[in-house]
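Analysis of the macromolecular model
The chain contents come next:
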Amino acid sequence: MLQPATSTLTRTLTVAQGIFAPGHLGELTKCLPFELVDAVPAETGAVQRRLRVLPSRVGVYFLLALGLFPHLGYAKVWDKLVAGLAGLPVAVPSAKALRDLRRRLGPVPLKSLFEVLAGPLAQPRTPGARYRHWRTVAFDGCSSIKVPDAERNRGWFGRARVRLGWAGYPTLRLMALVGTGSRGLLGAAFGPTSHGEAHYARQLMHLLGPQSLVLADRGFDNGKLLAEFAGTGAQFLVRLTSKRRLPTTHRLPDDSYLSRICSVQVRIIEADITATCTDGTRLHDGYRLVTTLLDPDQDPSDTLVRPYHERWEIESAYYALRHTLMQGRVLRST
């Protein structure tokens, strides 16, 4: 009887020495080199005062691994972290020791690391990433992420009222700025749902500039917020609510018209949208878009409707967070 042919693959894994050996995330360590992870605790004052079995560098990689394996307990996540280190004298910490490590580090190093790494991922030729010479970016909020029902969380986030009483878990509002085409995060902010989307969007305003074209839905048609978008030098293309009626100052040849919002001259585009579902059902809706791109010759109305569609990239990013990474679970307890 013939035996099936087999192949043996040998791979060299480079890790740090001694107690720093568990501080790696496989291939992701190329994006998160030791030097960067060492610098973040040093800059935020989170370096261990004495060299422990679980140094700060290892703690940062462990916290990142918690996000990669949200369905596993601390000990199981540690096993994932050291799975490729067979034969090395690595520590076998208890779940309590790992919890203490997380508390010792705190949230500041991870926030700093995120701010270093967050940024554009798309290349200039990436489909859906640019409109003319502007990089298209999308704002949106998500208020369906649940956090553990702990006293501190209830005190900060509050409790959400639902139709039949109170929700079982507090929820937070997450605001993100995403590059379309790649869905790469440019920035994020979160907090209680008692603050609206505009409150958190203002915390990310410094990430905009003359190279940006901001896409956003009807929740961002606040006049002051749109004026702040324009004040960064960015262009915007935002959907208005159906009840928002702005005065016409000049009618343009493509049936769009000029108006003003909080001293900012804008252009209003009325669009009829038809969507065909997989079963053949056709849905119709009317969109009213406002933009700072005023020239109908360079930016015709029917052309501008297409980049607005790229705004849905951020909805796909949120879907991946809620239903793929978290699979509907509650965020880990701190």
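Residues numbered from 1 in each chain as written. Predicted model: local features only at pLDDT ≥ 70, side-chain atom pairs only at ≥ 80, totals over all residues. Heavy atoms only, no water.

Notes on the confidence of the model for the protein
- Here the protein averages 87 in pLDDT, while 96% of its residues score no lower than 70.
- The least confident element of the protein, judged by mean pLDDT, is strand β3 (residues 161-162) at 73; the most confident is strand β7 (residues 212-216) at 96. (pLDDT = per-residue confidence, 0-100. Helix = DSSP H or I, 4+ residues; strand = E, 2+ residues; numbered from the N terminus.)

With respect to empty space enclosed by the protein
- The tally for this structure, following the rule as stated, stands at one cavity of 30 Å³ or more.
- If you trace the largest cavity, you find it lined by Pro-120, Leu-121, Ala-122, Ala-129, Arg-135, Thr-136, Gly-179, Thr-180, Ser-182 and Leu-186.
- In terms of residue class, the lining of the largest cavity is made up of five nonpolar, four polar and one charged. (1 Å grid on protein atoms, 1.4 Å probe; cavity = no way out; pocket = protein on both sides within 12 Å on 5 of 7 lines; lining within 4 Å. Points joined across faces, edges and corners; volume = space filled by probe spheres on them. Nonpolar A, V, L, I, M, F, W, Y, C, P; charged D, E, K, R; others polar.)

What to know about the packing of aromatic side chains
- Applying the stated criterion across every chain, the model contains nine aromatic pairs.
- Aromatic pair Tyr-287 and Tyr-308: ring centres 5.9 Å apart, planes at 85°, arrangement edge-to-face. Linking Tyr-287 in strand β12 (residues 282-291) with Tyr-308 in helix α9 (residues 301-309), this pair joins segments that are 21 residues apart in sequence.
- By relative accessible area, which is 15% here, Tyr-287 ends up buried.
- The buried category is assigned to Tyr-308, whose relative accessible area is 4%.
- Three or more aromatic residues joined by ring pairs make a cluster, and in this case those are Phe-62, Tyr-74 and Trp-78.
- Here the basic side chain of Arg-57 rests over the ring of Phe-34, its NZ or CZ set 4.8 Å away from the ring centre.
- Arg-311 extends its terminal NZ or CZ atom over the ring of Trp-312, reaching a point 4.8 Å from the ring centre. (Phe/Tyr/Trp six-rings, centres within 6.5 Å; stacked < 30°, edge-to-face > 60°. Buried < 20%, exposed > 50% of the residue type's maximum accessible area, 1.4 Å probe, protein only. Lys NZ or Arg CZ within 6 Å of the ring centre and 35° of its normal.)

Brief notes about helix α8 (residues 223-231)
- Among the residues making up α8, those that are buried are Gly-223, Leu-225, Leu-226 and Phe-229. Here the buried residues of α8 occupy an arc of 165° about the axis, which is enough to place them on one side. Residues Lys-224 and Gly-231 are exposed on α8 and point more than 90 degrees away from its buried face.
- Against the buried residues of α8 lie β2 (134-146), α7 (197-202), β7, β8 (235-240), β10 (257-261) and β12.
- N-cap assignment for α8: the residue whose side-chain oxygen lies 3.0 Å from the backbone N of Lys-224 is Asn-222.
- One or two positions beyond α8, positive phi appears at Gly-233, with a value near 95°. (Arc of directions from axis to C-beta. Contact = heavy atoms within 4.5 Å. Polar contact = N/O pair within 3.5 Å; in protein donor to acceptor, adjacent residues only side chain to side chain.)

Some thoughts on the nonpolar core
- Counting 29 residues, the largest nonpolar core has Phe-139, Leu-208, Val-214, Phe-220, Phe-229, Phe-236 and Val-290 as its most contacted members.
- If near-sequence neighbours (up to four positions away) are discounted, Val-290 is found in contact with Leu-226, Phe-236, Leu-237, Val-238, Leu-240, Ile-261, Val-266, Arg-267 and Ile-268. (Core = buried A, V, L, I, M, F, W, Y, C linked by side-chain atoms within 4.5 Å.)

Describing the side chain of Arg-173
- Relative to the helices and strands, Arg-173 is located in strand β5 (residues 171-179).
- Notably, Arg-173 is buried but unbridged: the nearest opposite-charge side chain belongs to Glu-197, and the N-O separation is 4.7 Å.
- One polar contact links the side chain of Arg-173 to the main-chain carbonyl oxygen of Thr-193, over a distance of 2.9 Å.
- Arg-173 has contacts with Cys-142, Ser-143, Ala-189, Phe-190, Gly-191, Pro-192, Thr-193, His-195, Gly-196, Glu-197 and Tyr-200, leaving out every residue within four places of it along the chain. (Lys, Arg positive; Asp, Glu negative; His and termini not counted. Salt bridge = Lys/Arg side-chain N within 4 Å of Asp/Glu carboxyl O.)

Section: the pairing of strand β11 (residues 264-276)
- Sheet topology note: the β10/β11 ladder contains five bridges and is antiparallel. By the bridge assignment, Ile-261 is partnered in β11 with Val-264.
- Joining the antiparallel neighbours β10 and β11 is a turn of two residues, in which Cys-262 adopts a positive phi near 50°.
- Pairing of β11 with β12, which is carried by 10 bridges, proceeds in the antiparallel orientation. (Pairing = 2+ DSSP bridges.)

Regarding unusual backbone geometry
- Of note, the phi angle at Asp-255 is positive, near 75°, even though the residue is not glycine.
- Judged by its relative accessible area of 58%, Asp-255 falls in the exposed class.
- Here Ser-263, not a glycine, exhibits a phi torsion of approximately 70°, which is positive.
- In this fold, Ser-263 is placed in the loop between β10 and β11.
- Judged by its relative accessible area of 61%, Ser-263 is exposed.

Observations concerning the layout of surface pockets
- In this structure, the second largest pocket occupies an estimated 260 Å³ of space.
- Taken together, Ala-271, Asp-272, Ile-273, Thr-274, Ala-275, Tyr-287, Val-305, Tyr-308, His-309 and Trp-312 form the lining of the second largest pocket.
- Among the elements of the structure, β11 and α9 are those that each provide at least two residues to the lining of the second largest pocket.
- Here the lining of the second largest pocket gets five residues from one element, more than from any other, and that element is β11.
- A class-by-class count of the residues in the lining of the second largest pocket yields seven nonpolar, two polar and one charged.

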